[in-house]
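This is what each chain is made of:
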Amino acid sequence: MTDPAPDPPRWQQHLWRWARKLAIGYLLICLLMMFLENSLVYVPPNPHRTGAWDFEQPDRRDVSFVADDGTRLHGWYYPHEQPQHAIVYF
C-alpha cells in the first residue's frame, strides 16, 4: 500500500484560497456588467430636456448629408472667423 500524498505547504493553501476568491469575484462582476450593460451604456434621456429645440441663432447653419451606408445625417454648423479647434458632438 502506498503512502498518501503529503499536504501542500500552508502558504500554498492560502494562496489558492485567495486566488479562488478573486476568480469568483471577477466572474460575478463580469456577469453583473453583462446583465446591466444596456443601462450602463445607453442612459435614458432626461425627461426635463425634452421639448422643442427650434431656437434661432444667426450664425447657425443646418447641414445634412448621406453617409456611405445610406443613413441621412443632420447637424448644426457654427462657423467662426478664426477656428482653432473642432467639436463633434453626438
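Since the model is a prediction, treat every value here as computed from it, not as a measurement.

On to the overall build of the chain. Within the chain one finds two helices and two strands. Start at the N end of the chain and walk to the C end: the helices and strands fall as α-α-β-β. The burial tally for the chain puts 1% of its 90 residues in the buried class. Look at the contacts in the chain between residues 6 or more apart in sequence, and 0% of them connect residues 24 or more apart.

As enumerated under the stated definition, the model contains zero aromatic pairs in all. Directly above the ring of W18 sits K21, whose terminal nitrogen or CZ lies 5.1 Å from the centroid.

This part takes up a positive patch on the surface. Where like charges cluster on the molecular surface, the positive patch consists of R10, R17, R20 and K21. Along the chain, the position of R17 falls in helix α1 (residues 10–35). For R17, a relative accessible area of 39% corresponds to the partly exposed category.

Buried residues are scarce in strand β1 (residues 61–66), accounting for zero of its six residues. One ladder, built from six bridges, connects β1 with strand β2 (residues 72–77); its direction is antiparallel. What sits directly across from V66, in β2, is R72.

Quick notes on the rules
- Residue numbering note: each chain is counted from 1, following its sequence as written.
- Owing to the predicted nature of the model, reporting of local features is limited to residues with pLDDT of at least 70; listing and counting of side-chain atom pairs is limited to 80 or more, with chain, interface and lining totals taken over all residues.
- Side-chain measures here rest on the full set of heavy atoms in the structure, leaving out hydrogens and waters.
- In this description a helix means any DSSP run of H or I spanning at least four residues, a strand means any run of E spanning at least two, and both kinds are numbered starting from the N terminus.
- Residue burial is assigned from relative accessible area. The probe radius is 1.4 Å, only protein chains are included, and a residue is buried under 20% of its type maximum, exposed over 50%, and partly exposed in between.
- Only heavy atoms matter for contacts: two residues are in contact if any of them lie within 4.5 Å across the pair.
- Between the rings of Phe, Tyr and Trp (Trp by its six-membered ring), a pair exists once the centres lie within 6.5 Å; its type follows the angle of the planes, with under 30 degrees stacked, over 60 edge-to-face, and the other angles tilted.
- Here, a charge over a ring means that NZ of Lys or CZ of Arg falls within 6 Å of the ring centre while also lying within 35 degrees of the ring normal.
- Here, patches come from residues exposed beyond 30% relative accessible area and free of salt bridges, joined within 9 Å for like charges and within 5 Å for nonpolar side chains (Val, Leu, Ile, Met, Phe, Trp, Tyr).
- Residue burial considers only the protein chains on display, and all accessible areas are found by Shrake-Rupley using a 1.4 Å probe.
- Note on definitions: salt bridges are taken to be side-chain nitrogens of Lys or Arg within 4 Å of carboxyl oxygens of Asp or Glu.
- Charge counting treats Lys and Arg as positive and Asp and Glu as negative, with His and both chain ends excluded.
- Taken as the charge centre is NZ of Lys, CZ of Arg, CG of Asp or CD of Glu, depending on the residue.
- Two strands are counted as paired when DSSP detects at least two bridges linking them.

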